[in-house]
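# Understanding the architecture of this molecule
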Amino acid sequence: MCGIAGIHSNKPVAAELYDSLIHLQHRGQDAAGIITYKNRMHKSKGSGLVRDIFTDKKIARLKGNVGIAHNRYPTHGGFGHGEIQPFWTSVPYGIALAHNGNLTNYSELAKTITSNESRYLNTDSDSEVLLHLFADLLHNKNQPDNDNEFFKNLCYAIEKVFEHVQGAYSVVALIIGKGLVAFRDPNGIRPLVKGVRTNKDGGKDHIIASENTMFYPLGFEPERSILPGEIVYINHKGKEFNRRILKQSFNPCIFEYVYFARPDATLNDVSVYRSRLRMGQNLAEKWKQRFPDNIPDIIIPAPSTANTSALSMANTLGVRYSEGLYKNPFIGRTFIMPGQRARKKSVRYKLTPQRTEIEGKTVMIVDDSIVRGNTSREIVRMLKDFGATKVYFAVACPPVISPCFYGVDMPTRKELIANNKTISQIKNFLAVDELIYQDIDSLSEAVMRKGDHHIDKPCMACFDKKYITSEMSIEKINELEQLRIKDRNGK
Ligand code: SF4
């Protein structure tokens, strides 16, 4: 998972791109980069948190009124400095690109690019392949000065990208002398939203980003989601061109609502916060049906993504909501940290139970998801250490049984606890008195119930193994799992 942003404005954009990265930091904490354009490309990249990478001096050197930015959370390629986005090429002319997602036919595309097009790849990143493919397809057309003609060429190139590229990709790109370009894969798996702002010259500034979390602080009005299969082009005068090139089923990632997106974001015209409230309501109804006599004394969220679902679950059950686990905000989210050792070490380090909220009580823990199960087991142990008489565990999503190949770094099938154990075995592993998961239909209902959205059916492949794109055979799944293991081990 990554965060991307592109801004076209009537004033320098570097500081606002920096702010955008800060507001997308939850989508990737591994590295970040910004590229702007004025006379030439200006670039700054680094590893770590956004606030530690960019100094005032670095931001001041990023000149220009148009630029793109990227927060990195590796799902393909290694962890090296060379893999940090945005990527750029000077052939046929300067194009810089930032990508959120994962290309499932990376190996085939990389072969084509290096053999047929004689391009050299510096990294193992699928985003670099996407950049070269896009650049080549654009290169095959004459480059007119006229913006309408250029937009036609762009549409041609993106149509061909849609033909060749499989998987998930939301993209922002900067083209020298032309402006800002954005497009979203034909199923719209990863999010992409657009905002506008009237500038002091009376013109329009545009922002396109993974989430709208930075729109309000930067003075942008949310406009709409970029549709699946759509391209948006903002020319150097700020004029917008857009076209939905391919109309397929709209299948955005449901895990964005469960875990990744910030609660204040609205993705695909559905409020993340509201969807999480509905997850809690649906889970409470299921609990009442299954365990009418087991109403807990207190409901505590596993902070902090689960806070919203836990709150509505507590309201629906008529039970007190308590923040009985204090989360140290200065430690990264465990799911997002590379490596199991770091994850195990960090649970007790970052969560502190509050004895007054726990001792002598029947406690229900609500978590957004259970992936490997180690964090959940550790939480249960802590609650028992602090005197809980009984512990119930409620999960806002269904069992995660299959990895994501569309841009979320999930463990392999071997490591996913729900792929290897029954619910009753997981209950024993966690050592809880009762365990409940959200049903698949209830999760889908929680996201789809409200909002003026166009979602046909969200992607839920990590819960139901029904991958959205047609190439995902069992052989392909095996191949992609091996590739991911190789990337993780740095081989
Ligand atoms: Fe999202 Fe899961 Fe689909 Fe991946 S497989 S895109 S995490 S719903």
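Higher on the page you've got the structure.
Every value quoted in this text rests on a predicted model; they were computed, and no experiment measured them.

### Some thoughts on the overall build of the chain
The secondary structure content of the chain amounts to 18 helices and 22 strands. Relative to a compact globule of 491 residues, whose C-alpha radius of gyration would be 23 Å, the chain shows 23 Å and is just as compact. Its C-alpha atoms give the chain principal-axis dimensions of roughly 75 × 50 × 40 Å. Burial status across the chain gives 61% buried among its 491 residues. In the form shown here, the chain has an accessible surface area of approximately 19,500 Å², with 48% of it arising from carbon and sulfur atoms. Looking at the chain, you have 67 positive and 53 negative side-chain charges, and the mean spots of the two groups are 3 Å apart.

### Remarks on the packing of aromatic side chains
Scanning all chains against the criterion turns up 18 aromatic pairs. Centroid distance Phe-150 to Tyr-233: 5.3 Å. Interplanar angle 65 degrees. Geometry classified as edge-to-face. In this pair, Phe-150 is assigned in helix 6 (residues 147–164) and Tyr-233 in strand 12 (residues 230–235), connecting sequence segments 83 residues apart. Both residues of the pair, Phe-150 and Tyr-233, count as buried. Between the aromatic rings of Trp-287 and Tyr-392, the centroid separation amounts to 5.1 Å while the plane-to-plane angle is 45 degrees, which identifies the pairing as tilted. One end of the pair, Trp-287, is in helix 9 (residues 272–290); the other, Tyr-392, is in strand 21 (residues 390–395), and 105 residues separate them in sequence. One exposure class covers both Trp-287 and Tyr-392, and it is buried. Clustering of aromatic rings is evident, with ring pairs tying together Tyr-73, Phe-255, Tyr-259, Phe-260 and Phe-463. Over the ring of Trp-88 we find Lys-43, and its NZ or CZ is 3.9 Å from the ring centre. Stacked on the ring of Phe-150, the Lys or Arg Lys-178 has its end atom at 4.7 Å from the ring centre.

### Observations concerning the pattern of salt bridges
Evaluated as defined, the whole model comprises 29 salt bridges. With a shortest N-O distance of 3.8 Å, Asp-52 and Arg-51 are connected by a salt bridge. Per residue, the accessibility class of Asp-52 equals that of Arg-51, and both read exposed. Its salt-bridge partner being Asp-205, residue Arg-197 comes within 3.0 Å of it at the nearest N-O pair.

### Brief notes about the sheet that holds strand 12
In a beta sheet, neighbouring strands are held together by backbone hydrogen bonds and run either parallel or antiparallel to one another. With antiparallel pairing, 6 strands are arranged side by side in an open sheet as 5-6-7-8-12-13. Each having just a single partner strand, strand 5 (87–89) and strand 13 (240–244) make up the two edges of the open sheet. Neighbouring strand axes in the sheet, compared pairwise and without regard to direction, differ in orientation by 15 degrees on average. Both strand 5 and strand 6 (residues 95–103) contribute to a ladder of 3 bridges, which runs antiparallel. Pairing of Phe-87 across the sheet is with Leu-97, part of strand 6.

### Notes on the sheet that holds strand 4 (residues 66–72)
The 7 strands are arranged 3-2-4-1-10-9-11 in an open sheet whose pairing can be described as antiparallel. Each edge of the sheet is formed by a strand with only one pairing partner; in this case those strands are strand 3 (40–47) and strand 11 (221–225). Taken pair by pair, the neighbouring strands of this sheet meet at an average axis angle of 15 degrees, ignoring direction. Sheet topology note: the strand 9 (residues 193–198)/strand 10 (residues 204–209) ladder contains 6 bridges and is antiparallel. Looking at strand 10, one finds that Lys-194 is bridged to Ile-208. Its contacts with the sheet place helix 1 (residues 14–23) against strand 1 (3–8), strand 2 (31–38), strand 4, strand 9 and strand 10, and it is angled at close to 160 degrees to strand 2.

### So, the environment of Asn-65
Structurally, Asn-65 can be placed in the loop between helix 3 (56–61) and strand 4. Contacts of Asn-65, omitting those with residues within four sequence positions, involve Ile-7, His-8, Ser-9, Asn-10, Lys-11, Pro-12, Val-13 and Tyr-37.

### What to know about the site of the ligand
Lining the immediate surroundings of the ligand are 13 residues, of which Cys-253, Phe-255, Cys-404, Cys-459 and Cys-462 lie closest. Taken together, the residues that form the shell around the ligand break down as 12 nonpolar, no polar and 1 charged.

### Points about the packing of helix 4 (residues 106–115) against helix 5 (residues 126–139)
Each pair of packed helices can be summarised by the angle the axes make with each other and by the distance between the axes. Between helix 4 and helix 5, whose axes approach to 10 Å, the crossing angle comes to 45 degrees. Taken together, the axes of helix 4 and helix 5 are oblique relative to one another. Every pair of crossing elements has a handedness; the one defined by helix 4 and helix 5 is left-handed. Contacts from Tyr-106, Leu-109, Ala-110 and Ile-113 in helix 4 reach Asp-126, Val-129, His-132, Leu-133 and Asp-136 in helix 5. A breakdown of the residues in the contact of helix 4 with helix 5 according to their chemical character gives 6 nonpolar, 1 polar and 2 charged.

### Concerning the nonpolar core
In this structure, Phe-134 and Leu-154 are the most contacted members of the largest nonpolar core, which totals 106 residues. Each of domain 1 (3–249) and domain 2 (270–465) accounts for three or more of the residues forming this core. Counting residues in hydrophobic clusters, the runner-up holds 23 residues, among them Leu-21, Ile-34, Phe-54 and Phe-220.

### What to know about helix 18 (residues 474–489)
Since one α-helical turn is 3.6 residues long, residues separated by three or four positions face the same way. Helix length check: helix 18 (16 residues) gives 23 Å between terminal C-alpha atoms against 22 Å at 1.5 Å per residue, within 8%. Every buried residue belonging to helix 18 is among Lys-476, Ile-477, Leu-480, Glu-481, Leu-483, Arg-484 and Asp-487, and all of these are buried. One side of helix 18 holds all its buried residues, which, seen down the axis, span an arc of 160 degrees. On its buried face, helix 18 is in contact with helix 4.

Cut-offs applied
- Residues numbered from 1 in each chain as written.
- Predicted model: local features only at pLDDT ≥ 70, side-chain atom pairs only at ≥ 80, totals over all residues.
- Heavy atoms only, no water.
- Helix = DSSP H or I, 4+ residues; strand = E, 2+ residues; numbered from the N terminus.
- Rg over C-alpha atoms; globule rule 2.2 N^0.38 Å.
- Buried < 20%, exposed > 50% of the residue type's maximum accessible area, 1.4 Å probe, protein only.
- Areas by Shrake-Rupley, 256 points an atom, 1.4 Å probe, with all protein chains shown as cover.
- Lys, Arg positive; Asp, Glu negative; His and termini not counted.
- Charge placed at Lys NZ, Arg CZ, Asp CG, Glu CD.
- Phe/Tyr/Trp six-rings, centres within 6.5 Å; stacked < 30°, edge-to-face > 60°.
- Lys NZ or Arg CZ within 6 Å of the ring centre and 35° of its normal.
- Salt bridge = Lys/Arg side-chain N within 4 Å of Asp/Glu carboxyl O.
- Pairing = 2+ DSSP bridges.
- Axes fitted to C-alpha atoms, helices over the stretch in contact; angles between N-to-C directions.
- Contact = heavy atoms within 4.5 Å.
- Near = heavy atom within 4 Å.
- Nonpolar A, V, L, I, M, F, W, Y, C, P; charged D, E, K, R; others polar.
- Parallel < 35°, antiparallel > 145°, perpendicular 65-115°, else oblique.
- Left-handed = near helix turned anticlockwise from the far one by under 90°.
- Core = buried A, V, L, I, M, F, W, Y, C linked by side-chain atoms within 4.5 Å.
- Domains from an automatic or database assignment.
- Expected span 1.5 Å × (residues − 1).
- Arc of directions from axis to C-beta.

Just geometry here; none of it tells us what the structure is for.
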